[in-house]
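Breakdown of the fold
What follows is the residue order along each chain.
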Amino acid sequence: MAHAPWNAKFEDVLRQGLPGLGKDKEAAADVPMEAYGLDSMALIGIVSALESAFRVSLAGQVVVPVHALTAGQLWGILSAALAPAWDESRPATAGRRTRDLGPWAVA
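To keep things clear, this report deals only with the structure shown in the data block.

**Concerning helix α2 (residues 40–54)**
Taking 1.5 Å per residue as the helical rise, α2 with its 15 residues ought to reach 21 Å, and the 21 Å between its terminal C-alpha atoms agrees with that figure. Among all positions in α2, only Ala42, Leu43, Ile46, Val47, Leu50 and Phe54 are buried. Along α2, the residues classed as buried sweep out an arc of 135° about the axis, all on the same side. In α2, the exposed residues that point more than 90 degrees away from the buried face are Met41, Ile44 and Ser52.

What follows is the structure in structure tokens.
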């Protein structure tokens, strides 16, 4: 099995929010998280925990149906929210709260 593409903080949030992902299991990036017990309420908790842990807003970003969402897709959504906005055509704060910008961002 290939190593998961995400970091330990993301893995911790998944473990706390997915009842079927015990300490002895590793989430597969391409398996729907429904296999680990994800439902709409668990997704709300996981997204909230990710927003707190990574200090980003994921509002409106998770558009994949709950029954089909994979950990890899969720990591991609989070990674996109964490990426700096280098595109000058959009505001530097698009998708984030101003206080959450990294030290490299100029608001």
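**As for the environment of proline 5**
Here proline 5 shows up in the segment before α1 (8–17). If sequence neighbours within four positions are ignored, proline 5 has contacts with Ala29 and Trp75.

Rules used throughout
- Position numbers for residues count from 1 along each chain, tracking the sequence in the order it is written.
- Local features in a predicted model are, by the rule used here, given only for residues with pLDDT of at least 70; side-chain atom pairs are given and counted only at 80 or more, and totals for whole chains, interfaces and linings are based on all residues.
- The side-chain quantities take in all heavy atoms of the structure and omit both hydrogens and water.
- Secondary structure elements follow DSSP: runs of H or I of four or more residues count as helices, runs of E of two or more count as strands, with numbering from the N terminus.
- Multiplying one less than the number of residues by 1.5 Å gives the expected span of a helix.
- Three exposure classes are used, based on accessible area relative to the maximum for each residue type with a 1.4 Å probe and protein chains only: buried under 20%, partly exposed in between, and exposed over 50%.
- Note that the arc is defined by the directions from the helix axis to the C-beta atoms.
- A contact between two residues is defined here by any heavy atoms of the two lying within 4.5 Å.

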